[in-house]
Amino acid sequence: MDPNLLKQLNVERAARQACAVVIDLADGRDRLVKKADSSAVQGPLGVAVQVALRSGKSSIFETEGRYFFINAHVPALRIVVIGAVHISQALVQIARAVGYSIEIIDPRTAFATAERFPDVDLHAEWPEDYLKNHPLDAYTAMVAVTHDPKIDDTALIEALIANCLYVGALGSRKTHEKRVERLIAAGVSAPAIERIASPIGLDIGAASPGEIAVAIMAQIIEALRRHDGA
Amino acid sequence: MDMLDPLIYAEKWMLEGKEVVIATVIKTWGSAPRPVGSHLAICEDGTFEGSVSGGCVEGAVIEEASEVMKSGQPKTLEFGVADETAWRVGLSCGGRIEIYLERVG
């Protein structure tokens, strides 16, 4: 591996930018392809690189008798939860078991306490302030569960703009109807609003906070693993 | 970023002026313990980070790495349970894996 490639690869990964290392298995020559530049790789290999970057799956690719290894480096899933509520407490434990990083944001200091969330990446801040320094991206799942439009709405709008891979919002159908009205008034497009999972979570009849957290996590996993529509 | 990240270690060792080999799982058949793309970084002083299996073949990979470190020639290794002709070390899970070794620099 080229030393500069290794350096550049680590820079891209630290910045949560998707990229692929393509190795010619015949002579060991390698190159780094950033997602933004992936259209520069010509022909079938270029198509294979783009597929790998979308799916995050690495594999050997054969074209015209030549073998290339495409190693897709896509950022690890990050879950941002708006609301330090009972569901979030359960979600933290499930996220740990699944191996996803999770951040909890809630400006209400009565909710966002270290006692309620021990050893958790917890921030008693308004979402708009927090997200300014911790921007969302396409490899982030947004879960808004405060029930309070003042807190949830901006985070949801930010998540849709950032094209987060999952955007879920707690609330009954009626609550969601009102939310849709507010988002339209805020200038969010109809297809974008369609992306919000609400009522939140897979429909498994979840009732308790722990069960709802399971339903939310299952929906996030589905969004991650089936995002190519397969 | 995860401090157990083998590629971070590989860069660190490289910047310290040490020889480094990166091993990568490039193909798997059946049940394999680590997915394609997983890395094991090996330093000339014998230190290593990451994994290419559940620990079953790391020893053999590290041994092979010293040769790649000297020659600079990349090499592909294959490990499987029933494959007597390839390597003595097998995968207890019944899978087969192909591992690509390359020197940094």
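Per an unreviewed UniProt entry, chain B goes by XdhC/CoxI family protein and derives from Ahrensia marina.

Per an unreviewed UniProt entry, chain A is named XdhC/CoxF family protein, and its organism is Ahrensia marina.

Engineer: What exactly am I supposed to notice about the overall build of chain B here?
Structural biologist: A tally of regular secondary structure across chain B gives 2 helices and 5 strands. Ordered by position in the sequence, the α and β elements of chain B form the string α-β-β-β-α-β-β. The buried share among the 105 residues of chain B stands at 45%. In chain B, once contacts between residues fewer than 6 apart in sequence are set aside, the share between residues at least 24 apart is 50%. When the accessible area of chain B is evaluated, it comes to approximately 5,000 Å², of which 51% is carbon and sulfur surface.

Engineer: Is there a simple way to explain the overall build of chain A in this structure?
Structural biologist: Across its full length, chain A holds 8 helices and 10 strands. If you line up chain A on its principal axes, its C-alpha atoms span 60 × 35 × 30 Å. Burial analysis of chain A (230 residues in total) assigns 48% to the buried set. Put simply, 58% of the contacts in chain A that link residues at least 6 apart link residues at least 24 apart. About 11,400 Å² of surface is accessible on chain A, with carbon and sulfur atoms providing 53% of the total. Counting 24 positive and 28 negative side-chain charges, chain A places the centres of these two groups 1 Å from one another.

Engineer: Mind showing me how you'd approach the pairing of strand β5 (residues 78–82) of chain A here?
Structural biologist: Within a regular beta strand, the side chains point alternately toward one face of the sheet and then the other, so they alternate between its two faces. Residue and element names in this part refer to chain A. Burial of β5 is extensive: 5 of the 5 residues sit out of reach of the surface. Here β5 shows no split at all, with Arg78, Val80 and Ile82 on one side and Ile79 and Val81 on the other all buried. Judged from the 5 bridges that link them, β5 and strand β6 (residues 101–105) form a sheet pairing that is parallel. Bridging across to β6, Val81 finds its partner in Ile104. One crossover worth recording links β5 to the parallel β6 by way of helix α3 (residues 86–98), and it is right-handed. Where β5 lies against strand β8 (residues 140–144), 5 bridges are found, and the strand directions are parallel. Bridge assignment links Arg78 to a residue of β8, and that residue is Thr140.

Engineer: Explain the UniProt feature "domain: XdhC Rossmann" (unreviewed entry) in chain A to me, please; I cannot follow it from the model alone.
Structural biologist: Mapped onto this structure's residue numbering, the UniProt feature "domain: XdhC Rossmann" (unreviewed entry) falls at residues 79–220 of chain A. With 44% helix and 16% strand, the stretch residues 79–220 of chain A has end C-alpha atoms that lie 9 Å from each other.

Engineer: Is there a simple way to explain the sheet that holds β8 of chain A in this structure?
Structural biologist: Whenever strands of a sheet pair, they do so through backbone hydrogen bonds, lying parallel or antiparallel. All names here are of chain A. With parallel pairing, 6 strands are arranged side by side in an open sheet as β7-β6-β5-β8-β9-β10. The sheet is open, and its two borders are formed by β7 (121–123) and β10 (196–197), each paired with just one other strand. When strand β9 (residues 166–169) meets β10, the two strands line up parallel, connected through 2 bridges. What sits directly across from Val167, in β10, is Ile196.

Engineer: When you look at the UniProt feature "domain: XdhC- CoxI" (unreviewed entry) in chain B in this model, what are you seeing that I'm missing?
Structural biologist: Cross-referencing UniProt, the feature "domain: XdhC- CoxI" (unreviewed entry) maps to residues 13–80 of chain B in the present numbering. As annotated, residues 13–80 of chain B has a helix share of 25% and a strand share of 35%, and its two end C-alpha atoms lie 31 Å apart.

Engineer: Whenever I open this one, the domain arrangement of chain A confuses me. Can you help?
Structural biologist: When the parts of a complex come together, some accessible area is lost, and that lost area is often taken as the interface size. All names here are of chain A. Segmentation of chain A into domains returns domain 1 (3–73) and domain 2 (78–227). Each of domain 1 and domain 2 has a C-alpha centre, and these two points are 32 Å apart. Facing 6 residues of domain 1, the contacting portion of domain 2 comprises 5 residues. Of all residues in domain 1, Arg16, Ala18 and Arg54 give up the largest surface area on contact with domain 2, accounting jointly for 81% of the area buried on that side. Across the domain 1-domain 2 interface, the total number found is 1 salt bridge. Residues Arg16 and Asp137 are paired through a salt bridge, measuring 2.9 Å at the closest nitrogen-oxygen approach. Linking domain 1 with domain 2 are 3 residue pairs in polar contact (both at pLDDT 80 or more). Residues belonging to the side of domain 1 that touches domain 2 are distributed by class as follows: 2 nonpolar, 1 polar and 3 charged.

Engineer: Can you walk me through the interface of chain B and chain A in this structure?
Structural biologist: In this complex, chain B contributes 23 residues to the contact, which on the side of chain A involves 18 residues. Interface of chain B and chain A: buried area, both sides summed, is about 1,600 Å²; carbon and sulfur atoms make up 67% of it. Linking chain B with chain A are 1 salt bridge, by the criterion used here. Among the salt bridges present, the one from Arg13 of chain A reaches Asp5 of chain B, with a minimum N-O distance of 2.4 Å. The tally of links between chain B and chain A comes to 8 residue pairs in polar contact (both at pLDDT 80 or more). At the level of secondary structure, the elements contributing two or more residues to the side of chain B that touches chain A comprise α1 (6–15), β1 (20–29) and β5 (96–103) of chain B. Residues of the side of chain B that touches chain A, tallied by class, amount to 13 nonpolar, 4 polar and 6 charged.

Rules used in this analysis
- Residues numbered from 1 in each chain as written.
- Chains lettered and ligands numbered in written order.
- Predicted model: local features only at pLDDT ≥ 70, side-chain atom pairs only at ≥ 80, totals over all residues.
- Heavy atoms only, no water.
- Helix = DSSP H or I, 4+ residues; strand = E, 2+ residues; numbered from the N terminus.
- Buried < 20%, exposed > 50% of the residue type's maximum accessible area, 1.4 Å probe, protein only.
- Contact = heavy atoms within 4.5 Å.
- Areas by Shrake-Rupley, 256 points an atom, 1.4 Å probe, with all protein chains shown as cover.
- Lys, Arg positive; Asp, Glu negative; His and termini not counted.
- Charge placed at Lys NZ, Arg CZ, Asp CG, Glu CD.
- Pairing = 2+ DSSP bridges.
- Right-handed = clockwise from strand over helix to strand, strands pointing away.
- UniProt positions renumbered as here; feature names shortened; annotations may be inferred.
- Domains from an automatic or database assignment.
- Buried area = accessible area lost by both parts, 1.4 Å probe.
- Salt bridge = Lys/Arg side-chain N within 4 Å of Asp/Glu carboxyl O.
- Polar contact = N/O pair within 3.5 Å; in protein donor to acceptor, adjacent residues only side chain to side chain.
- Nonpolar A, V, L, I, M, F, W, Y, C, P; charged D, E, K, R; others polar.

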